[in-house]
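Structural overview
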Amino acid sequence: MIGRRVSCRTRSWIVCLGFLTAGPAAALAADCPGHPDALGTSRTIVVDPREHPRIGTMQYRETLPLRDHEVVLTFDDGPLPKYSNQVLQILANECIKATFFTIGAQAQANPEGVRKLVAAGHTVGTHSQNHPLTFEKMPIEKAQTEIDTGIASVTAAMTDPSALAPFFRIPGLLRAEGVENLLASRGIQLWSADFLADDWRHVSPERVYQLAIQRLEAKGKGILLLHDIQPRTVAALPKIIRDLKARGYRIVHVVPATADRPATPTEPVEWMLHPASENVAVVRWPKIPSFVFTRNETLRAPLLSDLNAELPRQAGSSHWGVAKAGAESLAVPSRDLFEIKEGSLEVLMSTSASRHVARLARTNAADAISSRNAKGRGRAAAVATHGGKHPPAARATAKRMAQNANASAARPTKLASLKKRPQ
Ligand SMILES: [Zn+2]
């Protein structure tokens, strides 16, 4: 009874009237004759193709104004008696109303199948005359012929031509802007889908069922696209419906608005699958600025003159080789630049520790010389100068260091060994 209340609230009085008078074709879950556990059809919505010309979030911004856990079932490519009749029976057992996108050639071959759809209370749209999978690239004139011929064929199969809904689905969902504009200009609503179940592929009925439920669960509501000409769809459909009920989903029937049947009042935001709100996280990262580099050439290598270095003055600049303006890079310094000239101990001992050791060496050397000179002048003078604390070993060391300092600075100085010596 939910459907009756909802439909009446939406001022679709014809739909309300239909529910009250159409008998089994409009039965609901609570009163599905012989099927007390049927899923049923929870409500019917009336849509105006001119207000919402393209629906189905697989391709378009909008979809049907469904509430959470509401599903619209659609079936393409029929009618094909062998399977379409079985689909009709399954839906009847569940008192479900669906939308069928029929092919003109199929309607010509099986007009009775079209009439069965209408008699069962389903919505019937079209799906072209011959189902060409070239809509995205065919000339618009040819597309128009496919559309119009399909509509004529399906309409011809109906007892009441007004039963045809101005709903169209492009074969293969191969959309093209020209086709979309053409349909919109004629007040025909273009249906894509919100999810598929891949039932036209060579997959098992179990796989069809899994995909239908998984993809529905991912979106929470929407338009499911199936085919009523596939045996795997027939096999999967009862399980899909049972699971929809177990998971709390409800079936919504969709009919087109007419002069006597106004569209269900809705707000624009309801036509969004998941309207943005403060409670829904959305990605709105700031736009990355487009940097413009004013110069992109490689900077030249610095010249010695840039570094305030004193360039060699000898002709040919033999030390630096390329010390001239515009050089790409610095040359490897020549080997003789690092040679230590004789007597350059101060340069070698450039650290403070080394300088200290050098001072000590010079002092001890001077002491050693004066000590030799003092021989014969009396030991007392020597004791007065150094406190009499230099042992013989220290004097020998001082003498050796003095010789080193005075004779040659080329030998490396071993600081570790020097530190151990008495000072
Ligand atoms: Zn198709």
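Residues numbered from 1 in each chain as written. Predicted model: local features only at pLDDT ≥ 70, side-chain atom pairs only at ≥ 80, totals over all residues.

**Some points on the overall build of the chain**
Heads up, the condition is: Secondary structure counts use DSSP, requiring at least four H or I residues in a row for a helix and at least two E residues in a row for a strand, with both numbered from the N terminus. Note on contacts: each residue gets a C-beta atom placed from the backbone, and two residues are in contact if those atoms are within 7 Å.
Across its full length, the chain holds 14 helices and ten strands. Look at the contacts in the chain between residues 6 or more apart in sequence, and 75% of them connect residues 24 or more apart.

**A word on the nonpolar core**
Our working rule: Buried Ala, Val, Leu, Ile, Met, Phe, Trp, Tyr and Cys residues form a nonpolar core when they are connected through C-beta atoms within 7 Å. To sort residues by exposure, count the other C-beta atoms lying within 10 Å of each residue's C-beta; 20 or more gives buried, 12 or fewer gives exposed, and values between give partly exposed, all with C-beta atoms placed from the backbone.
V71, A212 and L224 are the most contacted members of the largest nonpolar core, which has 70 residues in total. Among all residues touching L224, those that are not within four sequence positions of it are V71, L73, T74, A193, F195, A197, A212 and L216.

**Points about unusual backbone geometry**
Across the junction of G78 and P79, the peptide omega takes the value 0 degrees, indicating a cis bond. Mapping P79 onto the fold places it in the loop between β3 (70-76) and α3 (81-94). The backbone phi angle of L173 is positive, close to 55 degrees, even though this residue is not glycine. One can find L173 in the loop between β6 (164-168) and α7 (177-185). Using a count of 18 C-beta atoms within 10 Å as the deciding quantity, one classes L173 as partly exposed.

**Looking at the packing of helix α6 (residues 140-157) against α7**
Let me state the cut-off plainly: Axis angles are defined between N-to-C directions and span 0 to 180 degrees, where every axis is a line fitted to C-alpha atoms and, for a helix, only to the segment in contact. In this scheme, roughly parallel covers angles under 35 degrees and roughly antiparallel covers those over 145, while 65 to 115 is roughly perpendicular and the rest are oblique. Left-handed describes a crossing whose near helix is turned anticlockwise from the far helix through less than a right angle; right-handed describes the clockwise counterpart. Side-chain classes follow a simple rule in which Ala, Val, Leu, Ile, Met, Phe, Trp, Tyr, Cys and Pro form the nonpolar group, Asp, Glu, Lys and Arg form the charged group, and the remainder, Gly included, forms the polar group.
Where α6 contacts α7, the axes come no closer than 10 Å and their chain directions differ by 50 degrees. One way to sum up the angle between α6 and α7 is to call them oblique. In the packing of α6 onto α7, the handedness of the crossing is right-handed. Residues I140, A143 and Q144 of α6 touch α7, and the partners they reach there are G178, V179 and L182. A class-by-class count of the residues in the contact of α6 with α7 yields four nonpolar, two polar and no charged.

**Details of the pairing of β3**
The following threshold applies: When DSSP finds two or more bridges between a pair of strands, those strands are recorded as paired.
Counting buried positions over the seven residues of β3 gives six, a clear majority of the element. Pairing analysis gives two bridges linking β3 to strand β10 (residues 250-256), with the strands arranged parallel. In the sheet register, E70 faces β10, and the bridge partner there is R250. Taken together, the six bridges between β3 and strand β9 (residues 222-227) define a ladder with parallel strand orientation.

**Thoughts on the packing of α3 against helix α9 (residues 231-246)**
It is at 9 Å that the axes of α3 and α9 come closest, and there the two elements cross at 5 degrees. With respect to each other, α3 and α9 are oriented roughly parallel. Of α9, the residues touching α3 (which contributes Y83, Q86, V87, I90 and E94) are P231, V234, L237, P238 and I241. In terms of residue class, the contact of α3 with α9 is made up of eight nonpolar, one polar and one charged.

**A few points about α3**
Under the convention used in this document: The length a helix should cover is 1.5 Å for every residue beyond the first.
When the terminal C-alpha atoms of α3 are compared, their 20 Å separation across 14 residues agrees well with the 20 Å that a helix rising 1.5 Å per residue should span. Along α3, the residues classified as buried are Y83, S84, V87, L88, L91, A92 and E94. Elements that come into contact with the buried residues of α3 comprise β3, α5 (111-119) and α9. A positive phi of about 55 degrees marks C95, the residue just after α3.

**Focus: the pairing of strand β5 (residues 123-126)**
For a regular strand, the rule is simple: side chains alternate between the two faces of the sheet. What counts here: With the strands pointing away from the viewer, any crossover whose connection runs clockwise from the first strand over the helix to the second is right-handed.
Covered by surrounding structure in β5 are T123 and G125 together with V124 and T126, the residues of both alternating faces. Bridging between strand β4 (residues 99-102) and β5 involves four bridges; their strand directions are parallel. Across the sheet, residue T102 finds its bridge partner in β5, namely T126. Pairing of β5 with β6 involves two bridges; the strand directions are parallel. Bridge pairing in β6 links V124 to L164. With α6 bridging β5 and the parallel β6, this β-α-β connection has right-handed handedness.

**Comments concerning the environment of L196**
Locating L196 in the fold gives a position in strand β8 (residues 195-196). Sequence spacing of L196 and M58 is 138 residues, and the spatial spacing of their C-alpha atoms is 9.2 Å.

**Some words on the confidence of the model for the chain**
Worth spelling out the cut-off: A residue's pLDDT is the predictor's confidence in that residue, given on a scale from 0 to 100.
Model confidence for the chain is summarised by a mean pLDDT of 78, while 60% of its residues fall at 70 or above. Predicted confidence is poor over residues 405-410, with pLDDT under 50, and the contacts of this stretch with residues over four places away or in other chains come to eleven contacts. Between residues 412-423, whose pLDDT stays under 50, and residues either more than four places distant or in other chains, the model counts nine contacts.

**Details of α9**
Going by this rule: We define the bend at each residue as the angle formed by axes fitted to the 7 residues ending at it and the 7 residues starting at it.
Here α9 is 16 residues long and its end C-alpha atoms lie 24 Å apart, about the 22 Å a rise of 1.5 Å per residue gives. Helix geometry: α9 is bent most strongly at L237, by close to 35 degrees, with proline P238 lying one to four residues after it. Taken together, the buried positions of α9 are occupied by R232, T233, V234, A236, L237, I240, I241 and L244. The inward-facing, buried residues of α9 abut β3, α3, α8 (205-219) and β9. Phi turns positive, to about 85 degrees, at G248, one or two residues after α9.

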